[in-house]
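Examining the three-dimensional arrangement
These are the residues of each chain, in order.
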Amino acid sequence: NSRLILALDVESRDKANSIASETEGIFDAIKVGYPLMLSEGLSVIKELSNIAPVIADLKIADIPNTNHLICNRLFSAGAQGVIAHAFTGRDSLEACVDVAKRWSGDVYAVTEMSHPGALEFMAPVAERMVMLALVAGASGIVAPATRPERIRALRRAAGGLTIISPGVGAQGGSLRDALEAGADYAIVGRSVYESANPRAAAEALLDLI
Ligand code: BMP
């Protein structure tokens, strides 16, 4: 258990597989999102899940029925977890959780994002997003490594939910600060997959933990 999740926002299957293989054994999960899935299709999920459990990050944000359909696609494609927005409300989030339970999978609810724009609308209501994640039965939340003090506040609201935290490295967040503030896992993308030596970059992160 490295407490590290690889965000694999590359746009080719070959590149994705080569980075995932090179870093095999280091990351506890691989997060794939729109860039890779829109380029190469859902089949990348099953492929990568031979290397590590895959979290499908489509930031699902629709009515309950549509969320249900989307989650069914993602879990049947081999995802171990999905990421959904919380702002759509309890019923939409519960639809994701219902499907996840059937697959023994996880739902992570987005609370406050890591970019500066999240301060405009998300941050003021982030604690309420955490409450929604709790009542809907989500496994965890996504909280910003760029603002460790916000991880600390959201941890207080989140109790035992798993906190996964993007924004380390390329976005300026510190791995250590995020974990010390209460994140269970840090999500790292560019600083690994854009590195000339992804394995060395990933090992350097491990050394920090
Ligand atoms: P990077 O380490 O290259 O900045 O990648 C971070 C990853 O986490 C990206 O896939 C991004 O879409 C995602 N992410 C984020 O950066 N902030 C959030 O608040 C939520 C995310 O899913």
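Analysis parameters
Residues numbered from 1 in each chain as written. Predicted model: local features only at pLDDT ≥ 70, side-chain atom pairs only at ≥ 80, totals over all residues. Heavy atoms only, no water. Helix = DSSP H or I, 4+ residues; strand = E, 2+ residues; numbered from the N terminus. Buried < 20%, exposed > 50% of the residue type's maximum accessible area, 1.4 Å probe, protein only. Contact = heavy atoms within 4.5 Å. Areas by Shrake-Rupley, 256 points an atom, 1.4 Å probe, with all protein chains shown as cover. Lys, Arg positive; Asp, Glu negative; His and termini not counted. Charge placed at Lys NZ, Arg CZ, Asp CG, Glu CD. Pairing = 2+ DSSP bridges. Axes fitted to C-alpha atoms, helices over the stretch in contact; angles between N-to-C directions. Near = heavy atom within 4 Å. Polar contact = N/O pair within 3.5 Å; in protein donor to acceptor, adjacent residues only side chain to side chain. 1 Å grid on protein atoms, 1.4 Å probe; cavity = no way out; pocket = protein on both sides within 12 Å on 5 of 7 lines; lining within 4 Å. Sits in = over half its atoms within 2 Å of the grid points. Disulfide = S-S within 2.5 Å.

A short note on the overall build of the protein
Helices and strands together make up the secondary structure of the protein, namely eleven helices and eight strands. C-alpha extents for the protein along the principal axes are approximately 45 × 35 × 30 Å. Within the protein, the proportion of its 209 residues that are buried is 52%. Excluding contacts between residues fewer than 6 apart, the proportion of contacts in the protein whose partners are at least 24 apart in sequence is 64%. Here the protein displays about 9,000 Å² of accessible surface, and carbon together with sulfur accounts for 51% of that area. Charged side chains in the protein number 19 positive and 24 negative. The centres of these two groups are separated by 5 Å.

Some remarks on the sheet that holds strand β5 (residues 106-110)
Read around the barrel, eight strands follow the order β1-β2-β3-β4-β5-β6-β7-β8 and close on themselves; strand pairing throughout is parallel. Adjacent strand axes in the sheet meet at a mean angle of 25°, parallel and antiparallel pairs treated alike. Here three bridges tie strand β6 (residues 140-142) to strand β7 (residues 162-166), and the two strands are oriented parallel to one another. When the sheet's bridge partners are listed, V142 is paired in β7 with I164.

With respect to the site of the ligand
Near the ligand you find 13 residues, and of these D9, K31, K59, S114 and R190 are the closest. Backbone polar atom of R190 to an oxygen atom of the ligand: 2.7 Å apart, as the coordinates give it. Burial of the ligand by the surrounding chains reaches 88%, relative to a free accessible area of 480 Å². Of all the cavities here, the one that holds the ligand is the largest pocket.

Some details on the state of the cysteines
Under the counting rule described, the total for this entry stands at zero disulfides. Not part of a disulfide, C71 finds its nearest cysteine sulfur in C96, a span of 3.5 Å. For C96, a relative accessible area of 0% translates into the label buried.

Function cannot be read off these values alone, since they describe shape.
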